Amino acid sequence: QVQVVESGGGLVQPGGSLTLSCKASVSIFSSYYVAWFRQAPGKQRELVATMSDVGNINYEDFVAGRFTISRDNTKKMVYLQMNSLNPEDTAVYHCSIRRGALGTSYWGQGTQVTVSS
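Per-chain numbering applies: the sequence of each chain, read as written, is numbered from 1 onward. Where totals are concerned, whole chains, interfaces and linings use all residues; where local detail is concerned, this predicted model gives features only for residues with pLDDT of at least 70, and gives and counts side-chain atom pairs only at 80 or more. The side-chain figures draw on all heavy atoms in the structure; neither hydrogens nor water molecules are used.

Enquirer: Which parts of the structure should I look at to understand the sheet that holds strand β1 (residues 3–7)?
Expert: What links the strands of a sheet is backbone hydrogen bonding, and the strands pair in either a parallel or an antiparallel sense. At least two bridges found by DSSP between two strands is the condition for calling them paired. Working definition: helices are DSSP H or I runs of at least four residues, strands are E runs of at least two. Numbering for both runs from the N terminus. Pairing in this open sheet of 4 strands is antiparallel, and the strands run β1-β3-β8-β7 from one edge to the other. Among the strands making up the open sheet, the edge pair consists of β1 and β7 (67–72). Within this sheet the neighbouring strands show an average axis-to-axis angle of 15 degrees, counted without direction. Pairing of β7 with strand β8 (residues 77–82), which is carried by 6 bridges, proceeds in the antiparallel orientation. Along β8, the bridge assignment pairs Ser-70 with Tyr-79. All axes are obtained by fitting lines to C-alpha atoms, using only the stretch in contact for helices, and the reported angles, taken between N-to-C directions, cover 0 to 180 degrees.

Enquirer: Would you mind going over the packing of aromatic side chains with me for this structure?
Expert: Two aromatic rings are characterised by how far apart their centres lie and by the angle between their planes. Note on aromatic pairs: the rings of Phe, Tyr and Trp (six-membered ring only in Trp) are paired at centre separations within 6.5 Å, and the planes decide the class, stacked below 30 degrees, edge-to-face beyond 60, tilted for the rest. Counting across every chain of the model gives 1 aromatic pair. An angle of 50 degrees between the planes, with centres 4.8 Å apart, marks the rings of Phe-37 and Trp-107 as tilted. With a gap of 70 residues between them, Phe-37 in strand β4 (residues 32–39) and Trp-107 in strand β10 (residues 105–107) connect regions that are remote in the sequence. Each residue gets one of three labels from its accessible area relative to the maximum for its type: buried under 20%, exposed over 50%, partly exposed in between, using a 1.4 Å probe on protein chains only. Owing to a relative accessible area of 33%, Trp-107 belongs among the partly exposed residues under this scheme. Positioned over the ring face of Phe-37 is Arg-45, at 5.4 Å from the centre of the ring. Charges are assigned to positions over rings by a cutoff of 6 Å between ring centre and Lys NZ or Arg CZ, combined with an angular limit of 35 degrees from the ring normal. Over the face of the ring belonging to Tyr-33 we find Arg-98, whose NZ or CZ atom lies 5.6 Å from the ring centre.

Enquirer: Explanation requested: the pairing of β4 in the structure shown.
Expert: For β4, a buried count of 6 out of 8 residues is recorded, marking the element as mostly surrounded by other parts of the structure. By the bridge criterion, 8 bridges tie β4 to strand β9 (residues 91–99) in an arrangement that is antiparallel. Each residue of the ladder has a partner; that of Phe-37, found in β9, is His-94. Pairing analysis gives 5 bridges linking β4 to strand β5 (residues 46–51), with the strands arranged antiparallel.

Enquirer: Quick question: what am I supposed to make of the pairing of β1 here?
Expert: Across a regular strand the side chains alternate sides, sitting on one face of the sheet and then on the other. Because side chains alternate across β1, one face comprises the buried residues Val-4 and Glu-6, and the other comprises Gln-3, Val-5 and Ser-7, none of which is buried. The pairing of β1 with strand β3 (residues 18–25) spans 5 bridges and is antiparallel. Each residue of the ladder has a partner; that of Glu-6, found in β3, is Cys-22.

Enquirer: Looking at this structure, how should I read the nonpolar core?
Expert: Grouped burial of nonpolar side chains is what soluble globular proteins tend to show. Membership of the largest hydrophobic core comes to 28 residues, with the highest contact counts inside it found for Trp-36, Leu-80, Met-82, Tyr-93 and Ile-97. Among the elements of the structure, β3, β4, β5, β7, β8, β9 and β11 (111–115) are those that each provide at least two residues to this core. Side-chain atoms within 4.5 Å are what join buried Ala, Val, Leu, Ile, Met, Phe, Trp, Tyr and Cys residues into a set we call a nonpolar core.

Enquirer: What should I look at first to understand the pattern of salt bridges in this one?
Expert: Oppositely charged side chains can form a pair if their charged atoms are brought close together. A pairing counts as a salt bridge when a side-chain nitrogen of Lys or Arg comes within 4 Å of a carboxyl oxygen of Asp or Glu. Scanning the entire structure with this criterion turns up 3 salt bridges. With a shortest N-O distance of 2.9 Å, Asp-89 and Arg-38 are connected by a salt bridge. One end of the pair, Asp-89, is in the loop between β8 and β9; the other, Arg-38, is in strand β4, and 51 residues separate them in sequence. For Arg-38, a relative accessible area of 6% corresponds to the buried category. Members of the salt-bridge network, linked through shared partners, are Arg-38, Glu-46, Arg-66 and Asp-89.

This is the structure:
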């Protein structure tokens, strides 16, 4: 069974940093597209960043150079480094993996990120 588990969330003050981790239990992880999404209470889920199997990266505009998505295919891990956090970044962050552009998507339960003074 495919499993996706996020970790690394927590409480941080504005301007602080956090690095989220995502562990994927799946065969041939290197063939998967990976992505980070986030969802605040009462709001729709929104895309944060994506990374293809060959390393092509896309960020949403609100990231503004603050976030970095990366992957380690040997460890089957996905990371999201977040710097200069502000309260608007508060949300549950979800990791998603998909085998190719048309494959089935798998999701973790998410990790809470709270940015507050």
